[in-house]
Amino acid sequence: MSSPFSKSKLKAARDALGKKQYEAARDAASQVLDYEPDNYNAHVFLGLAYLELGQHGNSEQFYRKAVELKPDQILAWQGITRLYERKQEWDAFASALEKMMRVYSAGNDTTKTAETLQKLIDTRRQHGTGQQIIGALAYLLPDSPVYDTLSNLPPPDPTNPTSTTTFSTQVAIDNSLPVIQEIISLTEQGEETFIRVEYDKRRTRLGAPPPDQLKKEIGLEVWKTSKLPSLYQEVLNHPQTSDELRRSTETKVVHYKQRHFYALPVSDPGKVELGSELDELVQGIVAIGIPDELSWTMFLEGMDKDTISGYGLDYLRQYTQLLPNTPLAHLLKGYFLYTGIPMMEEDEKGAPTNPVSDDHEPFDIIMDAFTSNQDMVLATQVVADVYLQEQDYPSVIHVAESGLELVRRYEQNTGRKLRLVCKAFNVVLATALVHLYPPKHHPRALGILDDVLKQDPDNVDALIARGYVMQFAEKWDEATMIFCKAAELIPVDTPKRARAREEGAWCLSRTSLEDGLCTLKEILSDLDGEWFEPDKARCLWRIGKCFWDMGDGFREEAYTYFIQSLKCDREYAPSYTFLGIYYSEFATPPDPLRASKCFQKAFELDPREAEAARRLAEGFADEREWDLVEVVARRTIDGEGGLDAGIQKESGVVAGRYLPTNAWAWKALGVVELSRRNYARSIEAFQVALRADQEDQICWLRLGEAYSKGGRHAAALKALERAHELKPDDWMCAYLMGEVQMQTGKLAEALDSFKSVLKMRPMEIGALMSLAQTELALARQEWLGGFLARAEQTFISAITTSILATRASSGYGGIAWKVIADALLGLSKATLFTDEDFIRDTLVQITTLIKGRVSKRIAHVFGLRPLQDDTPATGSHALEVAVICYDYRATVTSTNDIAMGSALFDLGMILYLWAKGKENERNPALEAAASLVKEALHKEPSNPTYWTVLANIYFVDKPKTSQHAYIRALELDSKNVVTWAHLGLLYLYHNDVELANEALLKAQILDPDYTLAWVGQALVATTNGRDEHCRALLEHAVGLTADVPIADLEFAARVFLPFTGPARASTSAQEEVLPALAVLDRYVKRYPTDACALHLLGLVYERLGHQERGAEWISRAIALLETAYEETEDPVLERQFTIAHANLARLKVSMRDYAGALESFETALGLLPEHIPDDSGAEVRILRVQALFGSGLAHFRLGDLQNAMTTFQAALDTAGENDTLRGHVTVLLAQSMWAIGTDEFRESAKTLLLDSITTDPENLMAINTLAGMGILTADDGLVDAALSEIQSLPIERQQELDPRRDVTYLLVQHHLGQGDIKQANRIVQKALHVEPSNLHIRRDLASLTLQQGNKRGTRAILEIDSSVCSIEEAKETLALAAIANDEDGNALRYAQKAIMLGPGNIMNWKMLAYVRARDVGS
């Protein structure tokens, strides 16, 4: 009981709510809760007050508390539903409505219950999902918790629906069928949506099953728990369900159960039970004749019958009547019309009633309907049977294979076997395979037939098909037995039985002519009527063939039967074939014209008449009618099925490889395609032909030829090797192998092949020319490889072979003389020959053959010099003879534009090469060369090579014309790297560096291994002043394989150039100069008369410390220069001769050959003027000073001091005012005076150096020499006087004057000599502070620190870290590190690494020995 206070406050709260004074109501209700916390009404009032105040959270809290206090009171539920509706929380609102509905139902408030349910359903329809709508509608069904309450509603009044607020609920309670239907519809939609969404989610997962299986798995998840079966049953049991609704629902039940049944795995125990239920439903629908397409389809598909009639014609007719507009009904109607089966059973009078067909053919009706029934077993079986009757065997195979797939799918879905249907499809498939281009598919057919006959040994169609297989395999006895067995199983007086008997008799005749002939005649007597005319024609031909096989005495009788056969069927091709054979071979006289017509007729009627086709092709080949040969061969190939044998996959890909029946046709086609240069088709044809006979040597030979011409050289060699194995004495095979080997660069093997041909056919002109061309290619290869003597011999062999070819046949004169000329051009690159006498004899022989004649084309610019007996043969002589050979080739070559253009081009090119070495004849020769190349361009204007050579001719004199020609060549071949490189060099030669760089860069992009492009870029870099970049480019160029010798010489010169300055450390110098030695050695082997290269090679050897080799090479250069100077008296050669003698003299001094050195110095001085004019340049002065001082040094070493001093003084006088040169001479003179050893001379040497330093304070050489003298004499004042001047200069200037840091070195040695190691250490530390990156200074400091015993400090200075240490740094520091690291175990590793980096450094080996000795001692 509430207290009076609470009642008064509740009354006040209710009044305030009525007046919409919500805050007052809130306060009053709150006061009630202060005294009575569980007061229901106070919570409800607070919930309402807060709701109206907009404080929804507090409102929901108090409403929820009220519900907890009294869940069966409706007031709080009404408030909370109002709250959720205002907040539009529809799920919570619907849940609250359900609670309210249950409360009303518990209180038997029928109207409120119905109104609340209507509101719930409306809410779910507007804002809910399908499942939520289903949940709301379910309250209207009998099994709902509120149905008893709702059933108390009065029946609805359709005439006054607005009389009550619950009309829709009344209608639903009165008739629940619409509600059930709506629930079914929503459930179906929900399940389909779930399956579709899940399928889209799962199908892209890794390892997902196939699509069909995935759909089944998802469907099972749904159908196992689905409520649709019970809902369908409610519809079927509902008293108000109409017949139409019942039929549609039954269809849905069947469809649902079918999907569920198909989805269940075979191992599921429920599958059998569900299948039985489904069968009962389907059979019930069929039994009462309900027109349900799905049920009828399942009924027919589930029947296991091997014939169409086995399905039951009554069922099929009933289907067409019940479902006349379905695709299957149309297909069945077309089949009935096609086979003549009545559409309806006979009427009472026995007359069948067939509906009149429309204008469409039955076959077309069947095919049109089948497009919509391709997934039905029955439809596929019908179409396969129709195609078989039409003898459309490829379609039969395709449809039968589809049918077998459908059967497999059906068995997988149902777990039931359709053995008879599967057997029917296999029989149809095997029959089609037997008759489709026999016997190509017989192996596959035989496997199928064996399986069928194991299952059904008396299957007639399978027996007949197997009989045909045995017949084609010429297993006559077995075939006879099979056909006889089939004939016994077939009913009498049927065409099939007659055909089986005929085939059996024919097979019998192959083993027993008389027995077979008698049987065939019996069968012929049974073939009466017009329907049997084609069979009679065949039987008559077979009888004639039996007589034909009996021998020549029965030819006429056979001829009679062939004629009778054609009278029965004028289109029976085999009879025409044998008539043609009769007319061509046995008629008297033979009638080839009539025979040819018979063969043509037979081949026109049936392209499978291979004998007629072969004879036709042979006849056309004899008449040289190659187009007709191709037509016959192609039609014969089509007649046997072509490549695919009539079976292709849907993508058009050939389904398999089959043996050809007529290999001759494929060979003929291959030869035709080979002659037309269709190499891919030719290869394919020969490959197919070889499938039939792998021992066909001619076919292998032609296949190898086709491979070769098609660019497939590896395959060509294999094919030709196989042909050679089959026939080792076939010279053509060896010849073709040689051609392929030559094309693939196997020149030695090619030579062997061509020589083997010539052993069999010594004067075979083709083999001779191929041998000569191979020898030429081999010679060029050997020349590029540096095998010059070997190349020389091979060039001569090519010339000798070509001369032999010209004598063997005059038809190859142009080619032979081109080979001779090309070989001479190759020989012209040599300056000296190994076998000079042989070369001379060859040149004389060639000149004699041509008779020294020069054509009018070049007679005005070129004349052949006679080769004198006392004159050695050189490359220039070979070049001149090459000119007349090219000229003679242009005279004897073919008048064809291409051949003549090539000859004129070659002549112009050789004339251009010859003119480059001439002075007086240069311009006329270049004009003649250009004229010849232009004439070649008139004959072949689209040849880019011709344009490029024309541009080369005009390179120097006519740059614009040259540029035009290059660009024209690039228009014809934009990817020609040679043209781009030459164009770049043209631009560079004429000082357009930017365009040159672009053109050369394009050449490098097109071919990164083209050497000339890299050389051109190096020249561009030189022009731009980037010498280091130039050297890097040249270094890359000389590493490529192309033959550009000038690159070798230029690279060597640039490598040696830095060594012309002050001497470097010996180890570094040797390593850096070694690349120059390698390329120079390669260059002088190729050009042994290049004095410049020989001179440079001698200087390189000097730098490497090989003075003897250096002197030898320079002596060779001097001999060549002397000879050249005697011929030309060129002042440049004189200067080179002088320099060479000066260098040779210096080498002899180092070799202690002072007398020889004095002789060379005197030779050089004799060629230099005594009084040097001012305009003669510094080079003459330097040379004279060097020669004078060298002479003085030689005199000094020989003990002739007076002449030595006189010569030294002459050197000083010659140096004149040149401070640098005078300083060098002064230092060298002082050193010589010091070497005399007397005090007087030593004082004179000091004075001389002091005077030199006074004159030139920055003469570092004089300063260092003077300081060294002070150190040796322990004269601190002299050391200070010598070094003070340079030490006072700024650090930058000191480093510039003293790049090797000689001053630091001298100071350190000075203090070390005095025993002051600390002072020496301080000097080195100061130097390292100035240059912390100087490796040599750091190494010196580490050495001094180590001498003081501070190993830890030494290790800190060296900082050995293999991850950051460069190779140069490691070379300098590893040896010291090995000594300093005696504790951490790294010493041996450092010493070994030092040897690996510098194996030629003796100190590294000493260090390793020391470390090992120290480790042993410890």
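Here the structure is shown first, and the text comes after it.
Model, not experiment: these values are computed from the prediction.

Q: So what's going on with the overall build of the protein? Residues and values would help.
A: Looking only at helices and strands, the protein features 72 helices and zero strands. Across the 1418 residues of the protein, 47% fall into the buried class. Restricting the contact set of the protein to residue pairs at least 6 apart, pairs at least 24 apart contribute 56%.

Q: Any details on the environment of Trp-223? Residues and values, ideally.
A: With respect to the helices and strands, Trp-223 occurs in helix α12 (residues 211-223). Put simply, Trp-223 and Ala-263 are 40 residues apart on the chain and 9.5 Å apart in space, counted from C-alpha to C-alpha. Not counting the four nearest positions on each side in its chain, Trp-223 is found in contact with Glu-191, Ile-195, Tyr-256, Arg-259, His-260 and Ala-263.

Q: With reference to specific residues and values, describe the pattern of salt bridges.
A: Enumeration according to the criterion identifies 69 salt bridges in this entry. With a shortest N-O distance of 2.8 Å, Glu-192 and Arg-259 are connected by a salt bridge. Linking Glu-192 in helix α11 (residues 177-202) with Arg-259 in helix α14 (residues 243-263), this pair joins segments that are 67 residues apart in sequence. Its salt-bridge partner being Arg-538, residue Asp-535 comes within 2.8 Å of it at the nearest N-O pair. Of this pair, Asp-535 and Arg-538 both sit in helix α28 (residues 533-549), three residues apart, roughly one helical turn. Given the relative accessible area of 11%, Arg-538 is considered buried. The structure contains a network of salt bridges with shared partners spanning Arg-499, Glu-502, Glu-503, Asp-535, Arg-538 and Arg-542.

Q: Summarise helix α6 (residues 90-106); cite the residues concerned and give the values.
A: The terminal C-alpha atoms of α6, which comprises 17 residues, lie 24 Å apart, in line with the 24 Å expected from a rise of 1.5 Å per residue. What α6 keeps buried is the set Phe-93, Ala-94, Ala-96, Leu-97, Met-100, Met-101, Val-103, Tyr-104 and Ser-105. Buried residues along α6 sit against α5 (74-87), α7 (110-127) and α9 (147-150). Positioned one or two residues after α6, Asn-108 has a phi angle of 55 degrees, which is positive.

Q: Tell me what's going on with the packing of helix α48 (residues 959-972) against helix α49 (residues 977-989), and back it up with residues and numbers.
A: For the pair α48 and α49, interaxial distance at closest approach is 10 Å and the crossing angle is 160 degrees. When the axis of α48 is compared with that of α49, the two are roughly antiparallel. In this structure, α48 crosses over α49, and the sense of that crossing is left-handed. Residues Pro-959, Ser-962, Gln-963, Tyr-966, Ala-969 and Leu-970 of α48 pack against Thr-979, Trp-980, His-982, Leu-983, Leu-986 and Tyr-987 of α49. For the contact of α48 with α49, the class distribution of residues is eight nonpolar, four polar and no charged.

Q: Describe the packing of aromatic side chains, and please don't skip the residues or the numbers.
A: A full pass over the atoms with the stated rule returns 25 aromatic pairs. When the centroid spacing of 6.2 Å and the interplanar angle of 70 degrees are considered together, the rings of Trp-296 and Tyr-319 count as edge-to-face. Of the two residues, Trp-296 sits in helix α16 (residues 293-301) while Tyr-319 sits in helix α17 (residues 313-322), which places them 23 residues apart along the sequence. Taking the relative accessible area as the measure of exposure, Tyr-319 reaches 0% and is therefore buried. A ring pair is formed by Trp-548 and Phe-562, whose centres lie 6.1 Å apart and whose planes are at 45 degrees; its orientation type is tilted.

Conventions we followed
- Residues numbered from 1 in each chain as written.
- Predicted model: local features only at pLDDT ≥ 70, side-chain atom pairs only at ≥ 80, totals over all residues.
- Heavy atoms only, no water.
- Helix = DSSP H or I, 4+ residues; strand = E, 2+ residues; numbered from the N terminus.
- Buried < 20%, exposed > 50% of the residue type's maximum accessible area, 1.4 Å probe, protein only.
- Contact = heavy atoms within 4.5 Å.
- Salt bridge = Lys/Arg side-chain N within 4 Å of Asp/Glu carboxyl O.
- Expected span 1.5 Å × (residues − 1).
- Axes fitted to C-alpha atoms, helices over the stretch in contact; angles between N-to-C directions.
- Parallel < 35°, antiparallel > 145°, perpendicular 65-115°, else oblique.
- Left-handed = near helix turned anticlockwise from the far one by under 90°.
- Nonpolar A, V, L, I, M, F, W, Y, C, P; charged D, E, K, R; others polar.
- Phe/Tyr/Trp six-rings, centres within 6.5 Å; stacked < 30°, edge-to-face > 60°.

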